[in-house]
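# Descriptive structure summary
The residues making up each chain are set out below.
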Amino acid sequence: MTLRVGIFGGTFDPFHHGHLTLAADFAKRLHLNQLILLPAGQPWQKAHGAGLNQVSAASHRLAMTRLGAAQLKLPETEVIVATDEIERASPSYTVDTLAAWRKKVGAHASLSFLMGADQLIRLDSWHQWPRLFDYAHLCVAARPGFSLAAAAPVIAAEIAQRTAPAPALSQHTHGLILLDTEFALEISATQIRAQLRESRATLNAAAPPFLPAPIWHYILQHHLYQSTS
Ligand code: ATP
């Protein structure tokens, strides 16, 4: 049987229910043997710190991704948190990441890269984006506020040509697009950071609905995102 591998990359600052649900949905629909959660390295243009648009230290994002991974109960799927990007000295392009994973999984594996619709509609700004399809399928979850109708004509053409149902992605190794048009979770890490910055939550406060409880407790223990003033 063909090996089916999904890669889900992100800043994961923090890892939230949107990430968890997206990963679980595609793992089930694609019957993934392996799901790789891939926290991004430190973006060179952003400094560490507590500001809304600054990215938390990689060690925190990795720890929260691991706590998120532990929430995924997927009998068919081995969930792996990969540190490749975090350990790399400089940020890498997704196309290079996928080329490296293609080498690891072999030419016969079905390899899928998971993302939200906000990423698909701006795909034409990504480095060498047409080459992504040489290595992997793209699995795209709808996201409130990001209509595929807003995609540039070049991306719309790829969507029209490559969109396929889930079983087709197992039968092919790369090059297709799977759209989850029903996925509609209005959650973003930016919004979560903004809400937490305003809050004065204490260590025993209940987790908000958009965060798994262990991640919430991690955030409180490490005073992430909260204003110190
Ligand atoms: P930020 O608000 O800081 O940009 P984010 O919530 O988009 O963060 P990321 O870690 O940047 O989180 O996202 C990783 C991946 O998860 C991206 O492909 C993004 O599109 C997707 N994603 C995150 N939240 C959702 C959501 N609610 N619905 C669909 N896709 C999502």
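Here the structure is a predicted model, which is why all the values come from computation and not from measurement. (Residues numbered from 1 in each chain as written. Predicted model: local features only at pLDDT ≥ 70, side-chain atom pairs only at ≥ 80, totals over all residues.)

G10, G18, G116, A189 and T190 are the nearest of the 19 residues found near the ligand. For the shell around the ligand, the secondary structure elements donating two or more residues are α1 (17-29), β4 (110-116), α5 (117-120) and α9 (189-198). The class makeup of the residues in the shell around the ligand is eight nonpolar, eight polar and three charged. (Near = placed C-beta within 6 Å. Helix = DSSP H or I, 4+ residues; strand = E, 2+ residues; numbered from the N terminus. Nonpolar A, V, L, I, M, F, W, Y, C, P; charged D, E, K, R; others polar.)

Let us now look at the nonpolar core. Among the nonpolar cores identified, the biggest contains 38 residues, and A23, L114 and L138 are the most heavily contacted of them. A total of five residues in this core trace back to one element, the largest contributor, which is α1. Look past the residues within four positions of A23 in its chain and what remains in contact with it is F8, L35, L37, L72 and L114. Grouped together as the second largest cluster of nonpolar side chains are 16 residues, A58, A189, L196 and Y225 included. (Core = buried A, V, L, I, M, F, W, Y, C linked by C-beta atoms within 7 Å. Buried ≥ 20, exposed ≤ 12 C-beta atoms within 10 Å, placed from the backbone. Contact = placed C-beta atoms within 7 Å.)

Strand order in the open sheet formed by six strands is β3-β2-β1-β4-β5-β6, and the pairing between neighbours is parallel. Of all strands in the sheet, those with a lone pairing partner are β3 (78-81) and β6 (177-180), marking the two edges. Taking each pair of neighbouring strands and ignoring which way they run, the sheet shows an average axis angle of 20°. Of the strand pairs in this sheet, strand β5 (residues 137-141) and β6 are connected by four bridges, and their pairing is parallel. Note on β6: the bridge partner recorded for A141 is D180. Along the sheet face, helix α2 (residues 58-71) touches β2 (34-39) and β3 and points at about 155° away from the line of β2. (Pairing = 2+ DSSP bridges. Axes fitted to C-alpha atoms, helices over the stretch in contact; angles between N-to-C directions.)

A few words now on unusual backbone geometry. With an omega dihedral of 5°, the bond running from D13 to P14 counts as a cis peptide bond. Residue position: P14 is located in the loop between β1 (4-10) and α1. For H31, which is not a glycine, the phi torsion comes out positive at approximately 50°. Note on placement: H31 falls in the loop between α1 and β2. For H31, a count of 16 C-beta atoms within 10 Å translates into the label partly exposed. With a phi angle near 50°, Q128 is a residue other than glycine that sits in the positive phi range.

Across the five residues that make up β5, a large majority, five, are buried. Residues of β5 alternate between two faces, with H137, C139 and A141 on one and L138 and V140 on the opposite face, all of them buried. In terms of strand pairing, β4 meets β5 through five bridges, oriented parallel. Among the inter-strand pairings, S112 is bridged to a residue of β5, identified as H137.

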